[in-house]
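# Observations on chain architecture
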Number of protein chains: 2
Amino acid sequence: MNKRDVKKIPESRYAYDGLDRVIHERARLSVLTSLVTHSRGLSFADLKQFCALTDGNLNRHLQVLEEARLVTISKGIEQNRPQTTCKITALGRKRYVDYLAVLEQVLTDAATAMSTDSVRKGTSGPAIA
Amino acid sequence: MNKRDVKKIPESRYAYDGLDRVIHERARLSVLTSLVTHSRGLSFADLKQFCALTDGNLNRHLQVLEEARLVTISKGIEQNRPQTTCKITALGRKRYVDYLAVLEQVLTDAATAMSTDSVRKGTSGPAIA
């Protein structure tokens with residue numbers, strides 16, 4: 001087999017290409033899940049709290065998400081104090097849903113393997129292919 | 001609120017601390033899922049194929065997993081040719097299962113939000129908290 005063919009073969013069964021790197025990073029997954037569960041948006045302060053991130057980290061990840069057009073960040077005034085509000089965009093929601101479908105596939109693959117494996121435990125037969 | 005308290009507050013609802021960085025990285029998640037689904041182990045060549053990784057990338061990630069004692073890598077002879085076999089360890093399986101539980105939590109959080117959200121779509125009511 002030609003080495004250059006590796007990425008094309010259908011047996012790349014567990015490559016999970018759909019695990020979008022922009023979303024998969026833990027802090028950003030945390031931010032997006034917070035925003036998906038709060039469709040009217042969250043203040044910077046609330047988001048920081050939900051995700052247990054520092055100001056610097058949250059800012060950095062929000063910037064990545066904003067550049068990918070997955071979130072919007074708007075500045076306004078709330079009770080006479082400046083407030084930054086973050087919202088997930090329609091594209092962000094779509095990409096997040098696509099990402100979740102791949103996560104589900106990981107869970108399904110693992111669950112299938114584990115249930116099969118526990119049945120076969122102790123035998124010398126092959127694990128599922 | 002003291003800034004240093006951010007990480008301690010119970011409202012860090014979506015921080016997903018259990019998304020173990022050693023496992024969460026996409027290529028390593030791919031490697032571990034391949035090995036969980038093949039409990040007798042996989043050859044380096046098969047693993048490369050399943051995960052659509054290059055030799056260099058697979059080597060690098062296997063090293064990280066081996067250092068964390070999540071996989072074992074053994075060299076032997078198969079049909080007169082040297083063969084490297086990779087297996088998930090008991091610790092690897094345990095950590096992978098713990099990781100899956102957090103993934104499930106992400107999916108549950110997202111699914112709950114989305115079903116609530118679709119019901120409320122078009123209303124001015126707050127999203128779920």
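Residues numbered from 1 in each chain as written. Chains lettered and ligands numbered in written order. Predicted model: local features only at pLDDT ≥ 70, side-chain atom pairs only at ≥ 80, totals over all residues. Heavy atoms only, no water.

### Considering the pairing of strand β2 (residues 71–78) of chain B
- Note: β2 of chain B against strand β3 (residues 81–88) of chain B, 8 bridges, orientation antiparallel. Residue V71 of chain B lies in a different strand from β3 of chain B, and its bridge partner there is I88 of chain B. (Pairing = 2+ DSSP bridges. Helix = DSSP H or I, 4+ residues; strand = E, 2+ residues; numbered from the N terminus.)

### A look at the pattern of salt bridges
Residues and elements named next belong to chain B.
- Taken as a whole and assessed by the stated rule, the structure comprises 10 salt bridges over all chains.
- As a salt-bridge pair, R95 and D20 come within 2.7 Å of each other at their nearest N and O atoms. Of this pair, R95 sits in helix α5 (residues 90–120) while D20 sits in the segment before α1 (21–24); the two residues are 75 residues apart in sequence, bridging distant segments of the chain.
- For R95, a relative accessible area of 26% puts it in the partly exposed group.
- On the basis of relative accessibility, which here comes to 18%, the residue D20 falls in the buried class. (Salt bridge = Lys/Arg side-chain N within 4 Å of Asp/Glu carboxyl O. Buried < 20%, exposed > 50% of the residue type's maximum accessible area, 1.4 Å probe, protein only.)

### Description of the layout of surface pockets
Residue and element names in this part refer to chain A.
- By volume, the second largest pocket is sized at about 270 Å³.
- Around the second largest pocket, the lining residues are S43, F44, A45, E78, Q79, R81, P82, Q83 and T84.
- Mapped by element, the contributors of at least two residues to the lining of the second largest pocket are α3 (44–51) and β3 (81–88).
- Considering each element in turn, the lining of the second largest pocket owes the most residues, 4 residues, to β3.
- When its residues are assigned to classes, the lining of the second largest pocket shows 3 nonpolar, 4 polar and 2 charged. (1 Å grid on protein atoms, 1.4 Å probe; cavity = no way out; pocket = protein on both sides within 12 Å on 5 of 7 lines; lining within 4 Å. Points joined across faces, edges and corners; volume = space filled by probe spheres on them. Nonpolar A, V, L, I, M, F, W, Y, C, P; charged D, E, K, R; others polar.)

### Quick notes on helix α2 (residues 26–36) of chain B
All names here are of chain B.
- By the criterion of burial, α2 is predominantly enclosed, with 11 of the 11 residues buried.
- Burial in α2 covers these residues: R26, A27, R28, L29, S30, V31, L32, T33, S34, L35 and V36.
- With a side-chain oxygen lying 2.9 Å from the backbone nitrogen of A27, the N-terminal cap of α2 falls on E25. (Polar contact = N/O pair within 3.5 Å; in protein donor to acceptor, adjacent residues only side chain to side chain.)

Nothing here speaks to function; it is geometry throughout.
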